[in-house]
Amino acid sequence: MKNYTQSPLPFQGQKRKFLSHVKSVLANYPEDSIFIDLFGGSGILSHTVKQLKPTAKVIYNDYDNFSKRLASVSQTNELLRKIRIITKDLKKDKLIPEPYKSEILKIIKQEENIIGYVDYITLSSSLLFSAKYVVNFAELEKQTFYNNVRQSNYVTDNYLKDVEIVCSDYRKIFDQYKSISNAVFLVDPPYLSTDCSTYGSDKYWKLKDYLNVLDVLINTNYLYFTSNKSQIVELCEWMETRTDKENINPFKDSTTVCINTQLNHSAKYTDMMLYKFK
Ligand SMILES: C[S@@+](CC[C@H](N)C(=O)[O-])C[C@H]1O[C@@H](n2cnc3c(N)ncnc32)[C@H](O)[C@@H]1O
């Protein structure tokens, strides 16, 4: 079966850089563990777990309906094929001027009218400035288009084969599995104060939302993802010094893996994975 090393469709915030570390941690869990990917996103973590533990139960919480994007991939490929014809004489990475932009918008609108669905996030990565995404036609038509049009088809075959797909708030899923002793939770919430518009959720993640997630880390097996920008680990360490309350710091005795990203010569940040066996 094909082993995907990144999400087969564009997805912001996917944890592809951590996959080798995730695999090393998973090796410590028995084959009959139940893995619950509470914030499934692109499903790349669920896919990776299933590859490594084919007999284990893997539950992917598809809160954003990424499955719909996967199911629509041939339609998306066909739309991109038509867009490639329109843009074939234009320079790569350069602005797509009129009347080409209007022609592209016209076929996208037609597609939406006929089929009732268009994967705007995937189209965004072919038509918009890098890392810019929109989720509907009204937003798309306001953007400046760039010729980043993908030249080959997207392939998604068997990506989530044998993974169990659910779609719910993470707290509901957690409640279902919290008392199962061999449950392992993959916990990758949206970054603090990130704009979740491409995630299909309409709000920003505030401190309270972020702190609520800590509930799923108490006395559980977990792999938790964050970045040094959130300072959540530091906050929990500080709380520990101010109270005798047991379990106040869910990261106590956990192990941390860091990956540094240099954005430019002055800006950098560190993505982190913390994991703990209960
Ligand atoms: C950082 S992303 C996860 C990325 C994923 N681990 C990957 O590698 O692709 C966070 C995800 O949590 C989802 N999310 C937001 N609110 C949620 C909620 N209340 N319950 C479950 N998932 C939620 C977002 O829509 C987004 O898909």
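Inspection of the secondary structure puts Q110 in helix α5 (residues 100-115). When the C-alpha positions of Q110 and Y60 are compared, they lie 33 Å apart, and in sequence the two are 50 residues distant.

Before going further, it helps to spend a moment on the nonpolar core. Ranked by size, the top nonpolar core spans 42 residues in total, and within it I36, L38, F185, L186, V187 and L223 carry the most contacts. Per-element tally for this core: the top contributor is strand β4 (residues 183-187), with 5 residues. The contact partners of F185, leaving out residues within four places of it in the chain, are I36, L38, V216, T220, N221 and Y222. L79, I96, V118 and Y120 belong to the second largest nonpolar core, which has 15 residues in total.

Direction vectors running N to C along helix α1 (residues 19-26) and helix α2 (residues 44-52) enclose 45°, while the axes themselves pass 10 Å from each other. When the interaxial angle is binned, α1 and α2 end up oblique. As α1 runs across α2, the sense of the crossing is right-handed. When α1 is examined against α2, the residues L19, V22, K23 and L26 are found in contact with a partner set consisting of L45, T48, V49 and L52.

What follows deals with unusual backbone geometry. The omega torsion across E98 and P99 is 5°, close enough to zero to call that bond cis. Relative to the helices and strands, P99 is located in the loop between α4 (73-87) and α5. With phi around 60°, N158 is a residue other than glycine that occupies positive phi space. The residue N158 is located in the loop between α7 (137-142) and β3 (164-166) in this model. In this structure, Q231 is a non-glycine residue whose phi angle is positive, near 60°. Inspection of the secondary structure assignment puts Q231 in the loop between β5 (221-227) and α10 (232-242). Since 12 C-beta atoms lie within 10 Å of it, Q231 is described here as exposed.

Relative to the elements of secondary structure, P189 occurs in the loop between β4 and α9 (207-212). Residue classification places P189 among the buried residues on the basis of 23 C-beta atoms within 10 Å. As for P189 and I34, which are separated by 155 residues in sequence, their C-alpha atoms are 19 Å apart. Aside from chain neighbours lying at most four places away, what touches P189 is F39, W205, Y210 and V213.

So, on to the packing of α4 against α5. Contact geometry of α4 with α5 gives a least axis separation of 10 Å together with a crossing angle of 160°. On the basis of the axis angle, α4 is roughly antiparallel to α5. Classified by chirality, the crossing of α5 by α4 is right-handed. Of the residues in α5, those touching α4 at Q75, L79, K82, I83, I86 and T87 are Y100, E103, I104, I107, I108, E111 and I115. Residues that form the contact of α4 with α5 fall into these classes: 8 nonpolar, 2 polar and 3 charged.

For strand β6 (residues 255-262), a buried count of 0 out of 8 residues is recorded, marking the element as mostly open to its surroundings. In this structure, β6 lies alongside strand β7 (residues 268-276), joined through 8 bridges in antiparallel fashion. Its bridge partner being in β7, T256 is matched across the sheet by L274. The antiparallel pairing of β6 with β7 creates a hairpin that spans 5 residues between the two strands.

Rules used throughout
Residues numbered from 1 in each chain as written. Predicted model: local features only at pLDDT ≥ 70, side-chain atom pairs only at ≥ 80, totals over all residues. Helix = DSSP H or I, 4+ residues; strand = E, 2+ residues; numbered from the N terminus. Core = buried A, V, L, I, M, F, W, Y, C linked by C-beta atoms within 7 Å. Buried ≥ 20, exposed ≤ 12 C-beta atoms within 10 Å, placed from the backbone. Contact = placed C-beta atoms within 7 Å. Axes fitted to C-alpha atoms, helices over the stretch in contact; angles between N-to-C directions. Parallel < 35°, antiparallel > 145°, perpendicular 65-115°, else oblique. Left-handed = near helix turned anticlockwise from the far one by under 90°. Nonpolar A, V, L, I, M, F, W, Y, C, P; charged D, E, K, R; others polar. Pairing = 2+ DSSP bridges.

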